[in-house]
Amino acid sequence: MILMTALTETAEKIKNMEIRGAGKIARSAAEAMKEEALSIKTKDIKEFNRRMEDAYNILYSTRPTAVSLPNALRAVMRYKADTVEDAKTAIAANADAFISGSENAVKKIGEIGAHRIKDGDTIMTHCNSSAAFAIFETAYRQGKDINVIATETRPRQQGYVTVDFLQKSGIPTTLILDSAVRYTMKKVDLVIVGADAVTVNGSLVNKVGTSQVALAANEARVGFVCAAETYKFSPRTLFGEMVEIEERDPTEVLCNELRAKWPNLKISNPAFDITPHKYIDMIITEIGAISPEMAYWVIKDKLGWELEEAAEASMRGCDDEN
Ligand SMILES: O=P(O)(O)OC[C@H]1O[C@H](OP(=O)(O)O)[C@H](O)[C@@H]1O
């Protein structure tokens, strides 16, 4: 039996999506690493480092697609210390800096993104993104009369979370089925979605169905905007790696009763898909509104990654924030 600690509890919550959303996953993981560090009793720095590596690996293995998770873990683990006390101080400071940096980034994205919204706009969103929501909320607080169309987002219905946020904020909201996206697009002025990862060529990895929304927007000549903090850019893609697409449990798609009825039925449940950069008009980050083609610059200059480091991280199985 595995002993439940605060860290394994957070890992379990990320795995079963009690904690979800790329940014929240990253902040929760950073907080869990800090708590883990502060709870370790040993005075032996080698043992301490080993236990922190174990904690890193437990959290790292929870969900494979959101790059914010390994970027947060790596940011917290960037310490060099000769004593356990110094290591604890550095880890706690790193975690706090990552969390407040992440919260500020979402706020900044709200401010920058709100400039893209005009009074009277109808905006479509997919899944539930706190970065996209920050844009809606800021625009609405500025007095812009907006209407947000939220997709249901099968199979986990994160659209309900979006609807709940929007309704609590007083923002006029319409809920649609995922299959109604193309039909509804003619009423839409702008699409805004979040991101789980942005690759070096500016393509977007986000909740499955995002690429279909982008295709429908492209066909209808509707702008497609992505809201992504820079820690969602993937340094390992600089090395040519692909972002792993999480395949989730078939029971999310079909209940056990029906699965038993059709024992030979195969079920595929990819949680994310890839929207090619040519369908993305703009990525709103905390350092500004950029074209997808600037992803290489964000990874290399803003995050400070060189090809050699990306290769090294690729072998180690992690991304980095800066
Ligand atoms: O960081 P924020 O903008 O909140 O969310 C970013 C993305 O995280 C979510 O993933 P999931 O529901 O955890 O699979 C969605 O794909 C969403 O677009």
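Residue numbers restart at each chain and count upward from 1, following the sequence in its written direction. With the structure being a predicted model, the display of local features is reserved for residues of pLDDT at least 70 and the display and counting of side-chain atom pairs for 80 or more, all residues being used for whole-chain, interface and lining totals. With hydrogens and water excluded, all non-hydrogen atoms of the structure serve as input to the side-chain values.

An unreviewed UniProt entry lists the chain under the name Ribose 1,5-bisphosphate isomerase, with Methanocella paludicola as the source organism.

**Student:** Looking at this structure, I do not really get the site of the ligand. What am I missing?
**Tutor:** Taken together, the neighbourhood of the ligand is formed by 19 residues, with R20, S130, D196, N206 and K232 sitting nearest. For the ligand, an oxygen atom lies 3.1 Å from a polar atom in the backbone of A22. What qualifies as a polar contact is a pair of N or O atoms within 3.5 Å, subject to a donor-acceptor requirement within protein and to the restriction that residues adjacent in sequence count only when both atoms come from side chains. D196 places a side-chain nitrogen or oxygen 2.6 Å from an oxygen atom of the ligand. A 1.4 Å probe and the Shrake-Rupley method give the accessible areas. Residues count as covered only by the protein chains that appear here. Isolated, the ligand exposes 450 Å² of accessible area, and the fraction of that covered by the protein chains is 99%. Of all the secondary structure elements, the ones that give two or more residues to the shell around the ligand are α2 (22-39), α6 (130-141) and β6 (204-207). Each residue is assigned to one class: nonpolar for Ala, Val, Leu, Ile, Met, Phe, Trp, Tyr, Cys and Pro, charged for Asp, Glu, Lys and Arg, and polar for all the others, Gly among them. The class makeup of the residues in the shell around the ligand is six nonpolar, eight polar and five charged. Residue ranges assigned to the domains are those given by an automatic or database domain assignment. Per-domain counts for the shell around the ligand show at least three residues from each of domain 1 (6-107) and domain 2 (108-305). When at least one non-hydrogen atom of a residue lies within 4 Å of a molecule or strand, that residue is treated as near it. In this text, helices come from DSSP runs of H or I with a minimum length of four residues, and strands from runs of E with a minimum of two, each type numbered from the N-terminal end.

**Student:** Any chance you could explain the domain arrangement of the chain here in plain terms?
**Tutor:** For an interface, size is often stated in terms of accessible area lost upon the parts coming together. Each domain of the chain was delimited in the assignment, giving domain 1 (6-107) and domain 2 (108-305). Computed over C-alpha atoms, the centres of domain 1 and domain 2 are 26 Å apart. Counting the surface lost from both domain 1 and domain 2, the interface buries some 2,000 Å², and carbon and sulfur atoms represent 51% of this. In short, buried area is how much 1.4 Å probe accessible area vanishes from two parts on joining, totalled over both. Of all residues in domain 1, the largest losses of buried area upon contact with domain 2 belong to R20, T65 and V106, amounting jointly to 28% of the total for that side. Just to be clear on terms, a salt bridge is a Lys or Arg side-chain nitrogen sitting within 4 Å of an Asp or Glu carboxyl oxygen. Remark: the boundary between domain 1 and domain 2 carries one salt bridge.

**Student:** Just to check I follow, could you spell out the environment of T285 for this structure?
**Tutor:** As for its placement among the helices and strands, T285 is situated in strand β9 (residues 282-285). Spatially, the C-alpha atom of T285 lies 14 Å from that of F133, the residues being 152 residues apart in sequence. Not counting residues within four places of it along the chain, the set of residues in contact with T285 comprises I109, I112, A228, T230, F233 and I290. Looking at T285, its side chain comes within polar contact range of the main-chain nitrogen of I287, at 3.0 Å. Among the polar contacts made by the side chain of T285, one reaches the main-chain carbonyl oxygen of G288 at a distance of 2.8 Å. Residues count as neighbours in contact if any of their non-hydrogen atoms are within 4.5 Å of one another.

**Student:** Help me out: how do you make sense of the UniProt feature "active site" (unreviewed entry) in the chain in this one?
**Tutor:** UniProt positions are given in the numbering used here, feature names are shortened, and annotations may be inferred rather than shown by experiment. In the numbering used here, UniProt assigns the feature "active site" (unreviewed entry) to C127 and D196. Spanning 70 residues, the named residues form one tight spatial group whose C-alpha atoms are at most 11.3 Å apart. Its location among the elements puts C127 in the loop between β1 (122-125) and α6. Each residue is assigned to one of three classes by its accessible area relative to the maximum for its type, calculated with a 1.4 Å probe on protein chains only: buried under 20%, partly exposed between the two thresholds, exposed over 50%. Classification of C127 by relative accessible area gives buried; the value is 6%. If we skip the residues at most four places from it in the chain, D196 touches A22, T65, A66, V67, S68, V205, N206, K207, K232 and F272.

**Student:** Help me understand unusual backbone geometry in this model?
**Tutor:** Trans peptide bonds make up the majority, and among non-glycine residues the majority have a negative phi. The omega angle of the peptide bond from R154 to P155 is 0°, so this bond is cis rather than trans. In this structure, P155 sits in the loop between β2 (147-151) and α7 (158-169). At M17, a residue that is not glycine, the phi angle is positive and equals roughly 70°. Looking at the secondary structure, you find M17 in the loop between α1 (6-15) and α2.

**Student:** I would appreciate a short explanation of the pattern of salt bridges in the present structure.
**Tutor:** Pairing is possible between side chains that carry opposite charge, provided their charged atoms lie close to one another. Scanning the model with the defined rule gives 14 salt bridges in all. Note that E111 is salt-bridged to K108, the shortest N-O span being 3.8 Å. Taken together, the residues span about one helical turn, with E111 and K108 both in helix α5 (residues 84-114) at a distance of three residues. Of the residues examined, E111 reaches a relative accessible area of 34% and is grouped as partly exposed. According to the relative accessible area criterion, K108 is partly exposed, its value standing at 38%. Across the pair E246 and R248 runs a salt bridge, and its minimum N-O distance is 2.7 Å. Side by side, E246 and R248 carry an identical accessibility label, which is buried. The structure contains a network of salt bridges with shared partners spanning R63, R156, E246, R248 and E252.

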